[in-house]
Amino acid sequence: MKSGFVAVIGKANAGKSTLVNVLVGEKVAIVSPKPQTTRDRILGVLNEENAQIAFVDTPGIYKSKTALSDMMMRTAEQSAKDVELILYVHDGHKGVSESDISLMKHYLGFGIPMMIAYTKTDIMPEENIPADVKKLYEEGIECDILPVSARRGKNIAKLKAAIAEKLPEGEKLFPDDVLSDKSEKFMIAEIMREKILLKYDKEIPHGVAILVNTFKKRETGNIYDIDLDIICEKANHKAILIGKQGKALKETLSFARKSMEEFLGAKVMLTAYVKVKDDWRDKANLLKEYGYGGNDETL
């Protein structure tokens, strides 16, 4: 059978996590329309009849501004060096820029087989696709390019088959029941952060970290007790997160609790507190405390 690791690389907000979730058939990574949604390397395992593909979802390539984003960019770069195939995800509806071509050439230069998933074809004129593909080939991007739509499932089966074909023969990397390398506790933190990304605007979501203090299933009844801290960078951000008379936070927690219950298949008793840690994204000790840099227990 075919097996191997596939690094999913691309610019921020290109649709990498959405594509990985669709390819795997389960939600293994959170998604939002905001850049920098994915902060860590997340594994999603696809089991096919004759192939096992381990997708490595990576942080989107983004201009670094903080110690956290520096770490994210290093994660993406390193992830692309330890795989059998690079799947470069390109947002097709934005066209092809010089920076796109430069990045593609950068990863082609790693000497690892690469293919391009040209995404979001459902929200762009179909006639633009051949011109973009032609431009890439003329610029020296010599690898397979496959237009897909994750939201509509267009060409997803073809993409799976094309990826499997490029992987080496080998044994399974993981047991069949393993879908991700991340714990349930990690995913609970991610779900909370996803809802904050969807609920709040501007810089606030990017300055938030989630610290899960309690994650425990009760001995009787299908119930989880979850207690977490929402860390933000400024006092005025805390006020916005909480809202007038706590309304914004209550709505966000209700939003998150429903998704947590769907993920765990159980009732969730959720409590949360908002705390301020000034400029935590630039402080190495706080980055480590909040789970960045190797510990998958918090995000």
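Read on for an overview of the structure.

What counts and how
- Residues numbered from 1 in each chain as written.
- Predicted model: local features only at pLDDT ≥ 70, side-chain atom pairs only at ≥ 80, totals over all residues.
- Heavy atoms only, no water.
- Axes fitted to C-alpha atoms, helices over the stretch in contact; angles between N-to-C directions.
- Helix = DSSP H or I, 4+ residues; strand = E, 2+ residues; numbered from the N terminus.
- Parallel < 35°, antiparallel > 145°, perpendicular 65-115°, else oblique.
- Contact = heavy atoms within 4.5 Å.
- Nonpolar A, V, L, I, M, F, W, Y, C, P; charged D, E, K, R; others polar.
- Core = buried A, V, L, I, M, F, W, Y, C linked by side-chain atoms within 4.5 Å.
- Buried < 20%, exposed > 50% of the residue type's maximum accessible area, 1.4 Å probe, protein only.
- Pairing = 2+ DSSP bridges.
- Polar contact = N/O pair within 3.5 Å; in protein donor to acceptor, adjacent residues only side chain to side chain.
- Salt bridge = Lys/Arg side-chain N within 4 Å of Asp/Glu carboxyl O.
- Right-handed = clockwise from strand over helix to strand, strands pointing away.
- Expected span 1.5 Å × (residues − 1).
- Phe/Tyr/Trp six-rings, centres within 6.5 Å; stacked < 30°, edge-to-face > 60°.
- Lys NZ or Arg CZ within 6 Å of the ring centre and 35° of its normal.

Considerations on the packing of helix H1 (residues 16-24) against helix H5 (residues 156-166)
Where H1 contacts H5, the axes come no closer than 10 Å and their chain directions differ by 85°. When the axes of H1 and H5 are compared, the pair comes out roughly perpendicular. Of the residues in H5, those touching H1 at Leu19, Val22 and Leu23 are Ile156, Leu159 and Lys160. Tallied by class, residues from the contact of H1 with H5 come to five nonpolar, no polar and one charged.

Structural notes on the nonpolar core
Met192, Ile210, Ile226, Leu228, Ile230, Leu241 and Met260 are the most contacted members of the largest nonpolar core, which totals 27 residues. Secondary-structure elements contributing two or more residues to this core are helix H6 (184-199), strand E7 (209-217), strand E8 (223-232), helix H8 (247-264) and strand E9 (267-276). In terms of residue count, H8 provides more of this core than any other element does, six residues in total. Sequence-distant contacts of leucine 241, defined by excluding residues within four places in its chain, comprise Ile196, Tyr200, Ile204, Val208, Ile230, Cys232, Ala248, Leu249 and Val274. Residues Leu19, Val24, Val89 and Ala117 belong to the second largest nonpolar core, which totals 25 residues.

Structural notes on the sheet that holds E7
Spatial strand order, E7-E8-E9: three strands in an open sheet with mixed pairing. With partners counted over all chains shown, the strands left at the sheet margins are E7 and E9, one partner each. Within the sheet, the average angular offset between the axes of one strand and its neighbour, ignoring direction, is 15°. Here eight bridges tie E7 to E8, and the two strands are oriented antiparallel to one another.

A word on the side chain of aspartate 91
Mapped onto the elements of the fold, aspartate 91 is located in strand E4 (residues 85-91). Overall, aspartate 91 belongs to the buried group, its relative accessible area being 6%. Polar contacts involving the side chain of aspartate 91 include one to the side chain of histidine 93, which spans 2.7 Å. Apart from residues no more than four positions distant in its own chain, aspartate 91 is found in contact with Asn13, Ala14, Thr119 and Lys120.

Quick word on the pattern of salt bridges
Taken as a whole, this structure holds 15 salt bridges when the rule is applied. With a closest N to O distance of 2.5 Å, glutamate 251 and lysine 199 form a salt bridge. Placement of glutamate 251 in helix H8 and of lysine 199 in helix H6 is noted, with a sequence separation of 52 residues between them. Residue classification places glutamate 251 among the partly exposed residues on the basis of a relative accessible area of 38%.

What to know about the pairing of strand E6 (residues 144-147)
Within a regular strand, the side chains alternate between the two sheet faces. One ladder, built from four bridges, connects strand E5 (residues 114-119) with E6; its direction is parallel. Note that in E6 the partner of isoleucine 116 across the bridge is isoleucine 145. For the crossover that starts at E5, traverses helix H4 (residues 128-138) and ends in the parallel E6, the hand is right-handed.

Here we look at helix H2 (residues 67-79)
The end-to-end C-alpha distance of H2, which contains 13 residues, comes to 18 Å, matching closely the 18 Å that a straight helix rising 1.5 Å per residue would cover. For H2, the secondary structure elements touched by its buried residues are strand E1 (2-9), strand E3 (51-57) and helix H9 (284-289).

Considering the packing of aromatic side chains
Evaluation of the coordinates by the stated rule reveals six aromatic pairs. Both rings, one in tyrosine 88 and one in tyrosine 107, keep their centres 6.4 Å apart while their planes meet at 50°; by these two values the pair is tilted. One end of the pair, tyrosine 88, is in strand E4; the other, tyrosine 107, is in helix H3 (residues 98-108), and 19 residues separate them in sequence. Take tyrosine 88 and tyrosine 107: they sit in the same class, and that class is buried. Directly above the ring of phenylalanine 110 sits lysine 81, whose terminal nitrogen or CZ lies 5.6 Å from the centroid. Looking at lysine 195, its charged tip hangs above the ring of phenylalanine 255, at a distance of 4.7 Å from the centre.

Section: H1
With seven of nine residues buried, H1 lies mostly within the body of the structure. Listed in full, the buried residues belonging to H1 are Lys16, Ser17, Leu19, Val20, Asn21, Leu23 and Val24. Contacts made by the buried residues of H1 are with E1, strand E2 (42-48), E3, E4, E5 and H5. Immediately downstream of H1, the backbone of glycine 25 shows phi near 90°, a positive value.

Everything listed here is a matter of coordinates, which is why it stays silent on function.
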